[in-house]
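Read off the chains here:
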Amino acid sequence: MSQPRSSYAVGTGLFIVLGFAALAYLATQTSSVANVHQGDSYVVDAQFTNIGQLKERAPVKIAGVRVGQVQSITLTPDRDVAEVKLSIDKSYNHIPLDSVATIFTSGLLGDQYVGIDYGSSKQTVAAGGTLARTKSTQPLEEMLGKFFGAGGVVDNVGGSYAVKAGFSNVGTLSAGAPVKMAGVVIGSVQSVHADPVKLNAQVVLSIDKRYNAIPDDSSAAVFTSGLIGSQYVAIQPGGSPEMLKDGDEMILTQSAMQLEDLIGKFLVNGSPSDKKDAGNGGK
Amino acid sequence: MNARAPQHDNVVTQSLAQIGQCGLFLLTLLAAIPRSFRYLRETVRQLWFVGAMSLTIIMVCGLFVGMVLMLQLYHVLSIFGGTSASGMVVALSVYRELGPVVTALLFAGRAGTAVTAEIGLMRATDQIDAMEMMAVDPIAYVATPRFLAGLIAMPLLCCVFCAMAIFGGHLVGVTWLGVDNGTFWSNMTAQVDVHTDIVNGVLLKSLAFGAVVSLIAVFQGFTTPPTSEGVAYATTRTVVASSIAILALDFVLTAFLM
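- The name that an unreviewed UniProt entry assigns to chain B is Intermembrane phospholipid transport system permease protein MlaE, with the source organism given as Rhodanobacter denitrificans.
- Regarding chain B, the UniProt comment filed under Sequence similarities (unreviewed entry) reads as follows: "Belongs to the MlaE permease family."

- Per an unreviewed UniProt entry, chain A carries the name Outer membrane lipid asymmetry maintenance protein MlaD and comes from Rhodanobacter denitrificans.

This is the structure:
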C-alpha cells in the first residue's frame, strides 16, 4: 500500500515541478523580462504635438538601447498637445536638459518608440523635469505628400482661388486632377463641364493662394503623366505684368492630345474635322 | 446533493435546471473545501491522476500544435518576407488562445471523462451511499479533491503545453526551415509581455478552464442516473458541455482581458 502511494506522490511532485519549470521558462526565456522589470526609475515629461501610434509601455531608447518606457500619455486639457511621461532607469540620470525627444518608428511598419538624442547642456534633467525640445511623429501622409508634392495643397479650401479655362477637348480630365506648374502641384481641378454656348469644355482650376503671381497670359494645357498615366493641367507662365486673379479666365489653352489625332497626323487620310464633329456632337 | 435531475420535458427548462443545479453544486463544493483538507492525500492522488497522467498527451499535442503552426506560418509569412516574425506569432497565438483552449479540450477528454465515469460508477454501485452510511462526506472526500486537483493541474499542464509548442515551433522553424535562431527568439521576447500574455493568457485562462471542466465533470458524475447507460450518457455530456463552455468562456475572457 505504501509503495504505490509514494510512487504517485513522487510523480505528482515531479508534475508540479515540471509545470512550474515550464512557467518559469515561458516567463523568462520567451518574454522580455525587461518589459516587466521596473527597477528604480525616474519620470520625465515631454510634450509632443502629435504622438502618432505611440502607446503606453512603448520603449524609450537612447542610441537605440532601451532605457525605459512610456508611462502615460495624456492630452493637456486646454491645448492640443500630448503630454507623455517617460519612465527612465535611474542609472541613466545624466540626460542633458537640452536633449531632443523624438518619436521614431521601428522599421517601416513597426511600433513607435521615443528616442532621446543627447544635447550639449551641462545641466541634466531631474526627476519630474521636462524635456522641452521634442520632435513629433511624422505622419505617413505628410511624408508621402513631400515626395509627391501633393499634401495639404490640394484640399486647401479657402486658401485657393479659382481660374477658368476653356478647352476644345479635355480628354479624360476629371475633377480632382492636379494642376501643375513646372511639374509641381499648385492646385486641383475643381470642375469640368461643357459650355452650352461656346461648345467647349469649361474647366475651373483651384490654385493655392501662395501662387498668386501667375501672369494672366499664361497658358494651360492638358497633359498626360507618362504614357498611360492620369491627365493633369499644366500651366506654362507667360510674360504679362498682370497677374491672374480669382474668377479670371485663361485665354491660351492647349487641349488634350488624343491618340486618334496623333495617329491621324501620321496617316495621310487622317480627318481631324471628323474628330471635332464627334467631340461637339457628344457634348 | 444527491438529488437527481427532476424530469423536465422542455429542452430550455432542462438546460436551465442543469445550469442552476451546477451553480448550486459549485457552492457545495466550495463550502466543502475546509472539510476536504482532512483528505489531502486524496487530493494529491487525484492530482497525480488528472495532472501527471495527462502529461504525455499534453506534451505530444503541444509539440505538434507548435510544429504545425510554425509550418503554416512559415509558408504564409514567406510570401511577405516576414518569416522572422514567425516565432513571435507562434508564441503569441499559443499563449493567448491555443495553449489554454487546446489544453482544456484535451483535459476534458482525458481527465474530465475519467472523473465523470469514476464518480458515476461509484453512484451506480452505491459506493457514495455507503460513504454516507460510514459518515464520510462524499462531497468532501470524492468531489472537492477532484475539483481542486483539476484547478491546480490545468495551469501547470497549460504551461507545459505552451513550452512544448514553443519547442515544436523552434524545431520546425529554426532547425528545419532555416529561420534565424536569433531573430526567432529576439522577436518573441520583444513582443511577449509577461502580464498580458503569460499571466492573463496562460495562467488566468487555464485556471478558469480548469475550474469549469472539473466542475462539469464532477457535477455530471454526481447527477448521473445510476445505470450503465446513465454513466455513458454523463461521460458524453461532460465532453460536450465542457467543450462548449471552454470555447464560450474563452471568448468572454478574451474580450475582458485583452
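Right, picking up where we left off after that structure.
Concerning the overall build of chain B
- Looking only at helices and strands, one finds 10 helices and 0 strands in chain B.
- Scored against the burial criterion, the 258 residues of chain B give a buried share of 50%.
- Entry remark: accessible area of chain B is about 11,300 Å², with carbon and sulfur atoms responsible for 72%.

Notes on the overall build of chain A
- Within chain A, the regular secondary structure consists of 5 helices and 16 strands.
- Going through the 283 residues of chain A one by one, you find that 34% of them count as buried.
- Sequence separation of at least 24 residues holds for 63% of the intrachain contacts in chain A that already meet a minimum separation of 6.

Details of the sheet that holds strand S3 (residues 65-75) of chain A
Residue and element names in this part refer to chain A.
- Taken in spatial order, the 8 strands line up as S7-S1-S4-S3-S2-S6-S5-S8 in an open sheet, and their pairing is mixed. Both outer strands of the open sheet, strand S7 (130-131) and strand S8 (133-135), are each paired with one neighbouring strand and no more.
- Relative to strand S4 (residues 82-89), strand S1 (residues 41-48) runs antiparallel, the two being bridged by 8 bridges. Counterpart to Ser41 in the pairing with S4 is Asp89.

Considerations on the UniProt feature "transmembrane region" (unreviewed entry) in chain B
Residues and elements named next belong to chain B.
- UniProt records the feature "transmembrane region" (unreviewed entry) for residues 16-35, 47-70, 76-95, 156-178, 198-219 and 231-257 in the present numbering.
- What you have in residues 76-95 is 60% helix and 0% strand, and the ends, taken at the C-alpha atoms, are 20 Å apart.
- Secondary structure across residues 231-257 divides into 100% helix and 0% strand, with the first and last C-alpha atoms of the span separated by 37 Å.

Considering the nonpolar core
- Ranked by internal contacts, the top residues of the largest apolar core, which has 77 residues, are Phe15(A), Leu26(A), Phe25(B), Tyr95(B), Phe107(B) and Phe222(B).
- The dominant element in this core, judged by the number of residues it contributes, is helix H7 (residues 138-176) of chain B, at 22 residues.
- Discounting chain neighbours no more than four positions away, the residues touching Tyr95(B) are Leu26(A), Thr30(A), Pro100(B), Cys162(B), Ile166(B), Val192(B), Asp197(B), Ile198(B), Gly201(B) and Val202(B).
- Counting residues in hydrophobic clusters, the runner-up holds 23 residues, among them Ala165(A), Ile186(A), Val189(A) and Val203(A).

Comments concerning the sheet that holds strand S16 (residues 253-254) of chain A
Residues and elements named next belong to chain A.
- Within the open sheet, the 8 strands sit side by side as S15-S9-S12-S11-S10-S14-S13-S16. Their pairing is mixed. The strands lining the two open edges of the sheet, one partner per strand, are strand S15 (249-250) and S16.
- When strand S11 (residues 184-194) meets strand S12 (residues 201-208), the two strands line up antiparallel, connected through 7 bridges. Opposite Val192, over in S12, you have Val203 as the bridge partner.

Regarding a nonpolar patch on the surface
All names here are of chain A.
- Nonpolar side chains collect at one region of the surface, where Ile263, Phe266 and Leu267 lie side by side and expose about 360 Å² of accessible area between them.
- By secondary structure assignment, the location of Phe266 is in helix H4 (residues 259-266).
- Relative accessible area serves as the criterion here: at 74%, Phe266 is assigned to the exposed category.

Observations regarding the interface of chain A and chain B
- Between chain A and chain B, the residue contacts involve 22 residues of the former and 29 residues of the latter.
- Of the roughly 2,200 Å² buried between chain A and chain B on both sides combined, carbon and sulfur atoms contribute 75%.
- In terms of surface lost to chain B, no three residues of chain A exceed Tyr8(A), Phe15(A) and Leu26(A), which account for 29% of the buried area on that side.
- Where chain A meets chain B, there are 0 residue pairs in polar contact (both at pLDDT 80 or more).

With respect to unusual backbone geometry
- Phi at Ala63(A) takes a positive value of approximately 55°, unusual for a residue other than glycine.
- As for its placement among the helices and strands, Ala63(A) is situated in the loop between strand S2 (59-62) and S3.
- Positive phi, close to 65°, is recorded for Asp126(B), a residue that is not glycine.
- Mapped onto the fold, Asp126(B) is located in the loop between helix H5 (86-124) and helix H6 (127-133).

Section: the UniProt feature "transmembrane region" (unreviewed entry) in chain A
- The feature "transmembrane region" (unreviewed entry), as given by UniProt, occupies residues 7-27 of chain A in the numbering adopted here.
- Taken end to end, residues 7-27 of chain A comprises 100% helix and 0% strand; its first and last C-alpha atoms sit 30 Å apart.

Some points on the packing of H7(B) against helix H8 (residues 181-191) of chain B
Residues and elements named next belong to chain B.
- At a closest axis distance of 10 Å, the pairing of H7 and H8 adopts a crossing angle of 145°. Handedness of the crossing formed by H7 with H8: right-handed. Together, Ile166, Gly169, His170 and Val174 of H7 and Asn181, Phe184, Trp185 and Met188 of H8 make up the contact between the two elements.
- Classifying every residue of the contact of H7 with H8 by side-chain character gives 5 nonpolar, 3 polar and no charged.

Notes on the pairing of S12(A)
Residues and elements named next belong to chain A.
- Extensive coverage of S12 is indicated by the burial of 8 of its 8 residues.
- The pairing of strand S9 (residues 160-167) with S12 spans 8 bridges and is antiparallel. Within S12, the position partnered with Lys164 by the bridge is Val204.
- Counting the residues in the hairpin turn of S11 and S12 gives 6 residues, including Leu199, whose phi is positive at 55°.

A look at the environment of Val192(A)
Residues and elements named next belong to chain A.
- Considering the arrangement of structural elements, one finds Val192 in strand S11.
- Residue Val192 is classed as partly exposed on the basis of its relative accessible area, which comes to 29%.
- For the pair formed by Val192 and Leu205, sequence separation is 13 residues and the distance between their alpha carbons is 9.1 Å.
- Ignoring sequence-local partners within four residues, the contact set of Val192 consists of Val170, Leu173, Ser174, Ala175, Gln202 and Val203.

About the cut-offs
Residues numbered from 1 in each chain as written. Chains lettered and ligands numbered in written order. Predicted model: local features only at pLDDT ≥ 70, side-chain atom pairs only at ≥ 80, totals over all residues. Heavy atoms only, no water. UniProt positions renumbered as here; feature names shortened; annotations may be inferred. Helix = DSSP H or I, 4+ residues; strand = E, 2+ residues; numbered from the N terminus. Buried < 20%, exposed > 50% of the residue type's maximum accessible area, 1.4 Å probe, protein only. Areas by Shrake-Rupley, 256 points an atom, 1.4 Å probe, with all protein chains shown as cover. Contact = heavy atoms within 4.5 Å. Pairing = 2+ DSSP bridges. Core = buried A, V, L, I, M, F, W, Y, C linked by side-chain atoms within 4.5 Å. Patch = residues over 30% accessible without salt bridge, like charges linked within 9 Å, V, L, I, M, F, W, Y side chains within 5 Å. Salt bridge = Lys/Arg side-chain N within 4 Å of Asp/Glu carboxyl O. Buried area = accessible area lost by both parts, 1.4 Å probe. Polar contact = N/O pair within 3.5 Å; in protein donor to acceptor, adjacent residues only side chain to side chain. Axes fitted to C-alpha atoms, helices over the stretch in contact; angles between N-to-C directions. Left-handed = near helix turned anticlockwise from the far one by under 90°. Nonpolar A, V, L, I, M, F, W, Y, C, P; charged D, E, K, R; others polar.

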